[in-house]
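Spelled out, the chains give:
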Amino acid sequence: MKELWTKIKEALISALPITAIVYIMSLTPLFDFSAVELVTFTVGAVMLILGIGLFNMGADLAMTPMGTHVGSGLSKQRKLGLLLAVCFVLGMLITIAEPDLQVLATQVSAVMNGTILIYAVGAGVGAFLLVAILRIVFKKTLGNILMLFYMLLFALALLLTVNGNTDLLPMAFDSGGVTTGPITVPFIMALGVGISSVLGDRRSKENSFGLVALCSVGPILAVLVLGIFSWNDLTYQVPDYTVSSDILDTYLHHLADEAGKVAIALGLIVVFFVICQIMFLRLPKKRLLRIAIGVIFTYIGLVIFLTGVNVGFMPIGYKLGYQLAKGSPWFLTGFGLVMGVLVVLAEPAIHVLNSQVEEVTGGLVTRKAMISGLCIGVGASIALSVVRIIFDFSIVYYIIPGYFISLALSLFVPPVYTAIAFDSGGVASGPMTSGFILPFAIGACVSLQGETAVLRDAFGVVALVAMIPLITIQLLGFRSIMERRVKERIAMKKILDADDQQIINFM
């Protein structure tokens, strides 16, 4: 209970800024939030804090140990075919059940059936999880692999642009962000740690990262390929963001809905883990009991968190964007920057990533440095998204230069920073982005462009949130290299000065 209370206090500190800014804005004449909306948001904020605390507790007790045990246990079998087959099925099943992907699929119509989209994205994640495993097995550099596949993505994106089907690009790059949600990230990251600990070499720290990065590429590639073979126009549906006066009934309805979705997604991981336990893990009962308790914490935390975001934060995010856009566009841009910085603190999987990065790197990359880089990156992402909404231009003008810069930086920074940066991009674009920032962008889009708004401008926001941290985290690595070189030169100068002084004293 003491540890749980610590997690809840950490969640309170993380969620308090974004909650406070909503209350402060509600006191200004710019907004006319009703009492029902504020009460709904308040309940959602409490659920958000409680959900993050429970989820982080569950991730420490269950999700991370499960992934590590499965990864190391499969690797110790020394059967590459079994390892690849199991990882492909695991990646596909978890992705199909990921709640964030279900939300994205319901937003798109007239191009492809939502079920086809979900299964295509699932196959993409499964296939690229195999690529990530093979990279660890054959000890290949992550930067070179990412460069190869992103060049392929750029070629397909340009092909769609030439064909005039640019409306599909935001959804394709958004899909790469939403598939790496709070359920999949802790397990997949720990899976990489487990596999690299058995199959890795002296670069095992670097190899333990990169699975999330490669798993984010598969969905983008799958949707772009689907887009090449589709000839229909893409339309986005504006969700209903109205707040019901029956607050209790609304929350109970969504609570039951999220409980079912999370049960399916989490249940697939648990069933998979039980099969591995029976076949080759054979962990002691005490450890299994600890994992079982962690699964319960994870389940309850995610259900509460997702319900709070979807019911309490979505309508407020939409209204903030809609009403702010009626004023100064540049104030809207600045507000988007601030919101991006604050939202990162409330993403549950971010805390899992930061803890694992600090642990695996032995303190080389600290939590403080990670959260600073992510805050700057996501804040810049939201601001750039607002600029794109204001001037209504294609996401290609952001995506291609942004990824070129990211891949170019990978040639100059330590490989571990590249792996962490590309993992961070997938983790940062979590449920708070799709549940609060995306409605904010849609509201601004509808306000500036009317009810016939071109919502492709809003739907690129998840893609940018997944991209900009790639640059900021690698710049953090570049800075650490320069600081280390300066320290080495200072130390060398002191040694040389001491030698010179000895020579003078001798003479």
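Quick note: structure is the one above.
These lines cover the structure that appears in this document, whether it is placed above or below. Just so it is clear, the model here is predicted, and its values are computed rather than measured.

**A look at the pattern of salt bridges**
Taken as a whole and judged by the stated rule, the model has four salt bridges. Residue Lys 7 is joined to Asp 60 by a salt bridge in which the shortest nitrogen-to-oxygen separation is 2.5 Å. You can see Lys 7 sitting in helix H1 (residues 2-26) and its partner Asp 60 sitting in helix H2 (residues 35-76), a full 53 residues away along the chain. Where Glu 37 meets Lys 319, a salt bridge forms, and the shortest distance between an N and an O atom there is 3.0 Å. A residue pair is termed long-range when its members are at least 10 positions apart, and Glu 37 in helix H2 and Lys 319 in helix H12 (residues 285-324) qualify at 282 residues. With a relative accessible area of 16%, Lys 319 lands in the buried category. Taken together, the shared-partner salt bridges in this structure form one network comprising Asp 32, Glu 37 and Lys 319.

**Some points on the packing of aromatic side chains**
Scanning all chains against the criterion turns up 17 aromatic pairs. Centre to centre, the rings of Phe 41 and Phe 313 are 4.8 Å apart; their planes meet at 50 degrees, and the pair counts as tilted. Of this pair, Phe 41 sits in helix H2 while Phe 313 sits in helix H12, and the two are 272 residues apart along the sequence. By relative accessible area, Phe 313 is classed as buried at 0%. For the pair Trp 330 and Phe 391, a centre-to-centre distance of 6.2 Å together with 45 degrees between the ring planes defines the contact as tilted. Separated by 61 residues along the polypeptide, Trp 330 in helix H13 (residues 329-345) and Phe 391 in helix H15 (residues 367-391) bring together distant segments of the chain. The exposure class of Trp 330 is exposed, given its relative accessible area of 54%.

**A short note on the nonpolar core**
In terms of nonpolar packing, the biggest core is built from 167 residues, with Leu 48, Val 70, Tyr 150, Phe 187, Leu 320, Met 432 and Phe 436 touching the most fellow members. The dominant element in this core, judged by the number of residues it contributes, is H2, at 16 residues.

**Details of the packing of H15 against helix H17 (residues 415-428)**
For the pair H15 and H17, the least separation of the axes is 11 Å and the interaxial angle reads 60 degrees. Between H15 and H17, the angle is such that the two are oblique. Here the hand of the crossing between H15 and H17 comes out right-handed. For the pair formed by H15 and H17, the contact residues are Met 370, Leu 374 and Val 378 on the first element and Ile 420, Ser 424 and Ala 428 on the second. Tallied by class, the residues present in the contact of H15 with H17 amount to five nonpolar, one polar and no charged.

**Focus: the state of the cysteines**
Put plainly, two cysteines are in a disulfide when a covalent bond ties their sulfur atoms together. Following the criterion strictly, the structure yields zero disulfides and no others. With no disulfide of its own, Cys 215 lies 9.3 Å from the sulfur of Cys 87, the closest cysteine sulfur. A residue is classified by how much of its surface remains accessible, and Cys 215, at 1% relative accessible area, is buried. Residue Cys 276 stays outside any disulfide, its sulfur separated by 9.1 Å from that of Cys 87, the closest cysteine.

**Details of the side chain of His 69**
By the secondary structure assignment, His 69 is in helix H2. Excluding anything up to four places from it in sequence, His 69 contacts Phe 273, Leu 281, Leu 283, Arg 287 and Ile 291.

**Structural notes on unusual backbone geometry**
Look at Arg 78: it is not a glycine, yet its phi comes out positive at around 55 degrees. Position of Arg 78 relative to the elements: it lies in the loop between H2 and helix H3 (80-97). On the basis of relative accessible area, Arg 78 is assigned to the exposed category, the value being 60%. Unlike most non-glycine residues, Asp 392 shows phi in positive territory, near 55 degrees. With respect to the element layout, Asp 392 can be found in the loop between H15 and helix H16 (396-409).

**Points about H1**
For the α-helix, the turn length of 3.6 residues means that residues three or four positions removed from each other point alike. Between the first and last C-alpha of H1 there are 35 Å, a value that for 25 residues agrees with the 36 Å anticipated at 1.5 Å per step. Along H1, the sharpest kink reaches roughly 40 degrees, centred on Leu 16 and followed within four residues by the proline Pro 17. Three or more residues of H1 are buried, namely Leu 4, Lys 7, Ile 8, Ala 11, Ser 14, Ala 15, Ile 18, Thr 19, Ile 21, Val 22, Met 25 and Ser 26.

Each value, and the rule that gives it
Residues numbered from 1 in each chain as written. Predicted model: local features only at pLDDT ≥ 70, side-chain atom pairs only at ≥ 80, totals over all residues. Heavy atoms only, no water. Salt bridge = Lys/Arg side-chain N within 4 Å of Asp/Glu carboxyl O. Helix = DSSP H or I, 4+ residues; strand = E, 2+ residues; numbered from the N terminus. Buried < 20%, exposed > 50% of the residue type's maximum accessible area, 1.4 Å probe, protein only. Phe/Tyr/Trp six-rings, centres within 6.5 Å; stacked < 30°, edge-to-face > 60°. Core = buried A, V, L, I, M, F, W, Y, C linked by side-chain atoms within 4.5 Å. Axes fitted to C-alpha atoms, helices over the stretch in contact; angles between N-to-C directions. Parallel < 35°, antiparallel > 145°, perpendicular 65-115°, else oblique. Left-handed = near helix turned anticlockwise from the far one by under 90°. Contact = heavy atoms within 4.5 Å. Nonpolar A, V, L, I, M, F, W, Y, C, P; charged D, E, K, R; others polar. Disulfide = S-S within 2.5 Å. Expected span 1.5 Å × (residues − 1). Bend = angle between axes of the 7 residues up to and from the residue.

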